[in-house]
Amino acid sequence: MTPATPSSPLRQRLSRWIPCLAWHRPSAALLRNEATAGITVALMVIPQGVAYAALAGMPLVTGVYAALFPALIAVMFSSSQRLSVGPTALTSLLVGASLAPLAVAGSDEWVAMAVWLTLMSGAIQIVLGAGRFGWLLRLVNAPVLIGFTQGAAVLIAISQLPALLGFTGRTIPQVLRGGGPLPDLVAIAFGLGSIAVLWLGKRLLPRFPTTMALVAGAAAISWLADYALRGGAVVGTLPSGLPSFYWPGLLPPGTFSALVLPALMITLVSFLETASSAKVDNARAGTLWNENQDLIGQGLAKLASGFTGAFPTSSSFSRSAITLYAGAQTGWATLFSVVVVAGALLWLMPLLYHVPQAVLAAVVVTAILGLVKPASFTALWRISRIEAGIAFGTFVLTIATAPSIYWGVLGGLLAALAHYMYRHLHPRIIEVGLHPDGSLRDRNLWKLPPLAPNLYALRMDAELDFASASTLERALTVALAERPDLTDVCLFAQPINRIDITGAEVFGSIRRMMESKGIRLHLSGMKLPAMQVLESAGLLAPGPMLFSYRTDGEALAALMPRVEVPAAAEEAA
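1. A few points about the overall build of the protein chain
Each helix and strand in the protein chain was counted, giving 25 helices and eight strands. Each principal axis of the C-alpha distribution contributes one length, and for the protein chain these read about 95 × 65 × 50 Å. Taken across its 573 residues, the protein chain has 50% of its residues classed as buried. Counted over contacts in the protein chain with a minimum sequence separation of 6, partners at least 24 positions apart contribute 79%. In the form shown here, the protein chain has an accessible surface area of approximately 26100 Å², with 66% of it arising from carbon and sulfur atoms. Across the protein chain, the 37 positively charged side chains and the 29 negatively charged ones have centroids separated by 10 Å.

Given below as structure tokens:
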């Protein structure tokens, strides 16, 4: 739904920074529809929040806090109205993995550092958005994101295995070493049964709040069976009431510096999660995605989360998809969701006491299974083996460096940038020939004859800059050495849309080399931006050995008589 135009000039100016001021005035029918969608999402985010707080090593109630004020702030200041902002699996895993070497999970020190991660990440996003630097986050390409997401999903699933297999409270190494109490068979039944219920609910009743119904049912069964009194691992007592202001206190400089890189990774992963949801939302709404405004909105949401003692938030792809599937049309759905979450914090927290922790593990595993897509590696392999290798390398590095999993993203990013630079340092330079359809194509690939014995016609499919210029000069030098009978060289320059200083210097060197050997240089189809650079450098000054043509057709018409091209080729041109 297209937002209404703000009525006053002041409101119009303010709506650029506070997009909720441009919302439609809702009708009764719209509010009923938004209420249904909002309540559906709220019933999903409450149990997920508790589960993700456990994944982040935070007090369980902070997962619900992360779904309250952050969601409200995000919908007010973000351009994408229908995103479900709150705790997510990936950001929760990053918090837990980043802080594991620094503190004891759940301790006051851990909570303070998690809050600092939240505040730092939020501040970074606000600065990026306000400075219009959202494009910087596009440096992470699809293979790196695929590899990291798959690796993180595997790590999340593995981290929940002890709770699912009846070893709640133990780590994977402790389970493998053996000893200690036997596995809790009841916990196994709760965990595996919950996975089955969630799997069936997602496929048979996708609009039904299966997660909340499961949590309520499991709590009732646990209470009736006195599971907690028998020593079973349950959620336990959660404080009721709305969150209060929280200040984490100052950290030692060494600890603070250790959080900088994890905060950057949380910013990156969080915004990529937002991008995947926002693109779908804006495509359905028929609007352009304002990535910088969403950066600001998501950053403010993180500040709201941190100052209530919670952990980093992000846009959940699965919950945002449910929001759209439930028929939400505006941000009013999020407001209804916030009201439900607030009500749960005020009156319903005691009802979560008897929920088995194995059920929370099942909620996390089921939510993360949607991210596990091994076929994505196969699809990449069919398209590009190098990029498939980058994705798989990122996947392996993410798992191998756990708990410092951000090294997976950094390693993948460096590999992707290295591949990018390699391609630019080795541009595609081909000798062209005249195809029977009249186009100029790779002469060697299509087995085409040269345009003429004494003409070297080439095309470079790249910018003429510091990375590619030397390769072009080398290709021409080799051609002149191998074909001493050349009288003409024609550069079909239409693909060259930019020339930098290095490229201009190399072009000047090429022109002087041609003139010293008595070879005429022809330029065809050079674009205005590139031409202006060469003209400013005085490299296109008229001379007897330099010829320029606006189009390839003009170049062919001028060159063919000179090099005695057969009549059939003239007709094709």
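2. Quick word on the pairing of strand E3 (residues 429–434)
With five of six residues buried, E3 is to be regarded as a mostly interior element. In this structure, E3 lies alongside strand E5 (residues 455–460), joined through three bridges in antiparallel fashion. Considered in E5, the bridge of Ile-430 is made with Arg-459. Counting the residues that bridge the hairpin from E3 to strand E4 (residues 440–442) gives five residues, and of these Gly-438 lies at a positive phi of roughly 95°.

3. What to know about the packing of aromatic side chains
To describe a pair of aromatic rings, you give the distance between the ring centres and the angle between the ring planes. Enumeration according to the criterion identifies nine aromatic pairs in this entry. For the pair Trp-116 and Phe-256, a centre-to-centre distance of 5.7 Å together with 80° between the ring planes defines the contact as edge-to-face. Taken together, the residues span a long stretch of sequence, with Trp-116 in helix H6 (residues 108–130) and Phe-256 in helix H12 (residues 253–258) at a distance of 140 residues. Judged by relative accessible area, Trp-116 falls into the buried class, the value being 13%. Note on Phe-271 and Trp-289: the rings are 5.7 Å apart at their centroids and 20° apart in plane angle, and the pair reads as stacked. Of this pair, Phe-271 sits in helix H13 (residues 260–285) while Trp-289 sits in the loop between H13 and helix H14 (291–306), placing them 18 residues apart in sequence. You can call Phe-271 buried: its relative accessible area is 3%.

4. Quick look at the side chain of Thr-267
Inspection of the secondary structure assignment puts Thr-267 in helix H13. Here Ser-121 takes part through its side chain, which lies 2.9 Å from a polar atom of the side chain of Thr-267. What Thr-267 contacts, discounting residues up to four positions off in sequence, is Ser-121, Ile-124, Gln-125 and Leu-128.

5. Some points on helix H16 (residues 332–348)
Between its first and last C-alpha, H16 extends 23 Å over 17 residues, near the 24 Å set by a 1.5 Å rise per residue. Buried residues of H16: Ala-333, Thr-334, Ser-337, Val-338, Val-341, Ala-342, Gly-343, Ala-344 and Leu-345, and no others. Contact partners of the buried residues in H16: helix H2 (28–55), helix H3 (62–65) and helix H4 (69–77).

6. Some points on the pattern of salt bridges
Oppositely charged side chains are able to pair whenever their charged atoms sit close together. This structure, assessed with the given rule, holds 10 salt bridges. Across the pair Asp-461 and Arg-428 runs a salt bridge whose closest N-O atoms are separated by 2.7 Å. Here Asp-461, found in the loop between E5 and helix H21 (469–482), pairs with Arg-428, found in the loop between helix H20 (406–425) and E3; they are 33 residues apart in sequence, far enough to count as distant. Residue Asp-461 is classed as partly exposed on the basis of its relative accessible area, which comes to 29%. Taking the relative accessible area as the measure of exposure, Arg-428 reaches 40% and is therefore partly exposed. A salt bridge links Arg-459 to Asp-461; the shortest N-O distance between them is 2.9 Å. Overlapping salt bridges bring together Arg-428, Asp-442, Arg-459 and Asp-461 as one network.

7. Topic: a nonpolar patch on the surface
There is a patch of nonpolar side chains on the surface, built from Phe-133, Trp-135, Leu-136, Leu-139 and Leu-417 and spanning about 440 Å² of accessible area. Following the sequence through the fold, Leu-417 ends up in helix H20. Take Leu-417: its relative accessible area is 34%, and that puts it in the partly exposed class.

8. Side note on the environment of Gly-231
Mapped onto the elements, Gly-231 comes out in the loop between helix H11 (210–224) and H12. Given the relative accessible area of 64%, Gly-231 is considered exposed. Spatially, the C-alpha atoms of Gly-231 and Asp-184 are 9.6 Å apart, while their sequence positions differ by 47 residues.

9. Quick notes on the side chain of Asp-500
Mapped onto the elements of the fold, Asp-500 is located in the loop between strand E6 (488–492) and helix H22 (501–516). Despite its burial, Asp-500 pairs with no opposite charge, the nearest such side chain being Arg-498 at 4.6 Å. Once residues within four sequence positions are removed from consideration, Asp-500 is found in contact with Leu-464, Asp-465 and Phe-466.

10. Let's talk about the sheet that holds strand E7 (residues 520–524)
Strand order in the open sheet formed by six strands is E4-E3-E5-E6-E7-E8, with mixed pairing between adjacent strands. Of all strands in the sheet, those bounded by a partner on one side alone are E4 and strand E8 (546–549). Direction aside, the axes of adjacent strands within the sheet are offset by 30° on average. Of the pairings in the sheet, the one linking E3 to E4 comprises three bridges and is antiparallel in character.

11. Structural notes on H20
Compared with an ideal rise of 1.5 Å per residue, which puts 20 residues at 28 Å, H20 spans 28 Å between its outermost C-alpha atoms and is within 8% of the ideal. Where H20 is concerned, the buried positions are Tyr-406, Gly-408, Val-409, Gly-412, Leu-413, Ala-416 and His-419. One face of H20 carries all of its buried residues, which in axial projection span an arc of 150°. Exposed residues pointing more than 90 degrees away from the buried face of H20 are listed as Leu-414 and Tyr-422. Structurally, H20 contributes buried residues whose contacts are with helix H5 (89–99), helix H7 (142–159), H13 and helix H19 (385–400).

Scoring rules and cut-offs
- Residues numbered from 1 in each chain as written.
- Predicted model: local features only at pLDDT ≥ 70, side-chain atom pairs only at ≥ 80, totals over all residues.
- Heavy atoms only, no water.
- Helix = DSSP H or I, 4+ residues; strand = E, 2+ residues; numbered from the N terminus.
- Buried < 20%, exposed > 50% of the residue type's maximum accessible area, 1.4 Å probe, protein only.
- Contact = heavy atoms within 4.5 Å.
- Areas by Shrake-Rupley, 256 points an atom, 1.4 Å probe, with all protein chains shown as cover.
- Lys, Arg positive; Asp, Glu negative; His and termini not counted.
- Charge placed at Lys NZ, Arg CZ, Asp CG, Glu CD.
- Pairing = 2+ DSSP bridges.
- Phe/Tyr/Trp six-rings, centres within 6.5 Å; stacked < 30°, edge-to-face > 60°.
- Polar contact = N/O pair within 3.5 Å; in protein donor to acceptor, adjacent residues only side chain to side chain.
- Expected span 1.5 Å × (residues − 1).
- Salt bridge = Lys/Arg side-chain N within 4 Å of Asp/Glu carboxyl O.
- Patch = residues over 30% accessible without salt bridge, like charges linked within 9 Å, V, L, I, M, F, W, Y side chains within 5 Å.
- Axes fitted to C-alpha atoms, helices over the stretch in contact; angles between N-to-C directions.
- Arc of directions from axis to C-beta.

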